[in-house]
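A closer look at the structure
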Amino acid sequence: MNRAAGILLPITSLPSKYGIGCFSKSAYDFVDWLKQAGQTYWQILPLCPTSYGDSPYQSFSTFAGNPYFISLEALITEGVLTREECESADFGNQADDIDYEKIYNHRYTLLRKAYERSNITQNENYLRFVNENSWWLSDYALFMAVKERFGGVEWTQWAEDIRLRWDFAMDYYRKELYFEIEFQQYMQFKFFEQWYYLKRYANERGIQIVGDIPIYVAMDSADTWAHPELFQLNEQNIPYAVAGCPPDGFSTDGQLWGNPLYRWEYHKNTGYDWWVSRLAYCFRLYDVVRIDHFRGFDEYFSIPYGAESAKTGHWEKGPGIELFRCIEQRLGWHEVIAEDLGYVTDSVRRLVQESGFSGMKVLEFAFDSRDSGSANDYLPHNYIENCVAYTGTHDNETIVGWFDSITKEEQELARNYLCDHYTPKKYLYKSFISLVMGSRAKTCIIPLQDYMGRDNRSRINRPSTVGTNWRWRLTKQDLSHELQQEILAITKRYGRMNWQ
């Protein structure tokens, strides 16, 4: 089995001219940079349009793409926007930060101009795209157009006729909002056109894309509105219960995510059609699919709707291996990473093993003095070959920030494990990366901030907080030749080079 390495970096974090990372030239330059650094994988976060808190894990659709990622430079080249229009828009003035309010207020205005100048209905590729994707696109485009008509409020607060999708209301809004619907379809067309160009460019250079999909969809999404039968909702489409995580050593109240839970008996009776369609779609979109919160397929945490915290929740049985056997029978074998972190039971371990998927190992969990039993699973000498090893993920502190935040006892444990009490703390991140890269894991993926030795000011997400997440991005100067050569050297050292 070939050993390989990759880098975790969200699209949003790419350096860019217009306020947020996107499918512009900087994305292609990053692919070249990865190739020259000997990498095989580029792991990204979900590409879906973001909703509450700008989180890619709370999206208006599990199938749609985020219009923020559409390259304005490409639209300038097409002639539907001018450089002056793009440069006069206020996207913020910090090269290493994303101002989502300004992005929201100005980017859609530019995209609307591009649409109005595009003569898109004369584009045969657009017409083909709309026809081939109508199974999700028609509902999504209508959902977004109606949402705007109602001032952006959650669909459960819309007028009853369209909230419950009565036939006459659906016909009325499709006619009334014709051009708004077409605008949404145009943005999706441009998103996927540009994404597949970028993915093809990466694949031709031996770089594979690791995509990320949340296990759950958002309550305020086209998925839930269009297919309430898939979820645990009553006749008025109000949830009986919602998703989250139980209280643990990290959170005394647990986590209350609020996503609707699946009606698994219904999915089973349909041969898991929706899940087969979802995964088939993702296998086209990415080369490898990481499924977030994989343990929810074994057992999921159910919290009564309206509860103020997760304390009153309880565990329910999920579909288990039957779901994945059904998917494999219908789609064949595909490479999947199972995010099996957190409270992992024997039955979760068994599910990952039976599926054949790669589990995850995160070094930052290895020196937790509060849970030495679980921590043992994350010590690199215990890694099995069929896993993907990380220093940390988008939800974790950077490795520098983590070492600063753990107790003196845990720092001592880590240094003892490294047999290193001499390296100055400011260089210790390199030792931790080497520890992961030298393990038996067939694949190692390192957040780029860790290679850069950045502290928590470069952290991507702090779970259970809102307002300061998903904002960090690189500057062009960060992607230096020196950093690239350092990554190349460690990749060669541990036999993880991409020789393609």
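This text goes with the structure placed above it.
Small disclaimer: the values here were computed from a predicted structure and weren't measured.

Here's the deal with the environment of valine 362
Structurally, the position occupied by valine 362 is in strand β10 (residues 359-362). It is 15 Å that separates the C-alpha atoms of valine 362 and alanine 5, two residues lying 357 residues apart in sequence. Residue contacts for valine 362: discarding those within four places in its chain leaves Leu341, Tyr378, Tyr383, Tyr390, Thr391, Gly392, Thr393 and Asn396.

Looking at the pattern of salt bridges
Tallied over the full model, the rule gives 29 salt bridges. Measuring nitrogen to oxygen at the nearest pair gives 2.7 Å for the salt bridge that ties aspartate 220 to lysine 147. Remark: lysine 147 occurs in helix α6 (residues 134-149) and aspartate 220 occurs in the loop between β3 (208-213) and α10 (222-226); sequence separation between them is 73 residues. Grouping residues by exposure puts aspartate 220 and lysine 147 together as buried.

Quick look at the sheet that holds strand β1 (residues 4-8)
Reading across the sheet, the eight strands line up as β9-β6-β3-β2-β1-β12-β11-β10 and stay open at both edges, with parallel pairing between neighbours. Bordering the open sheet on either side are β9 (336-338) and β10, each of which pairs with just one other strand. Along the sheet, successive strands turn relative to each other by an average axial angle of 25°, direction set aside. Looking at chain direction, strand β2 (residues 41-43) and β3 are connected through three bridges and run parallel. Within the sheet, the bridge partner assigned to glutamine 43 lies in β3 and is valine 210. Running over the sheet, helix α1 (residues 25-36) touches β1 and β2 and is turned about 135° from β2. Lying over the sheet, helix α18 (residues 428-437) contacts β1, β11 (387-390) and β12 (443-447), oriented at roughly 155° with respect to β12.

A short note on the pairing of β12
Of all five residues in β12, five are buried; the element is thus mostly enclosed. Neither face of β12 is left uncovered, since the one carrying Thr443, Ile445 and Pro447 and the one carrying Cys444 and Ile446 both have all their residues buried. Sheet topology note: the β1/β12 ladder contains five bridges and is parallel. Residue pairing across strands places alanine 4 opposite threonine 443, the latter belonging to β12. Relative to β12, β11 is paired through two bridges, and the arrangement is parallel. Residue pairing for β12: alanine 389 is matched across the bridge by cysteine 444.

Observations regarding unusual backbone geometry
The residue aspartate 54 is not glycine, and still its phi comes out positive at about 65°. Relative to the helices and strands, aspartate 54 resides in the loop between β2 and α2 (72-78). With a relative accessible area of 25%, aspartate 54 lands in the partly exposed category. For asparagine 237, which is not glycine, the phi torsion reads 65° and is therefore positive. Within the fold, asparagine 237 resides in the loop between α10 and β4 (241-245).

Thresholds, definitions, all that
- Residues numbered from 1 in each chain as written.
- Predicted model: local features only at pLDDT ≥ 70, side-chain atom pairs only at ≥ 80, totals over all residues.
- Heavy atoms only, no water.
- Helix = DSSP H or I, 4+ residues; strand = E, 2+ residues; numbered from the N terminus.
- Contact = heavy atoms within 4.5 Å.
- Salt bridge = Lys/Arg side-chain N within 4 Å of Asp/Glu carboxyl O.
- Buried < 20%, exposed > 50% of the residue type's maximum accessible area, 1.4 Å probe, protein only.
- Pairing = 2+ DSSP bridges.
- Axes fitted to C-alpha atoms, helices over the stretch in contact; angles between N-to-C directions.

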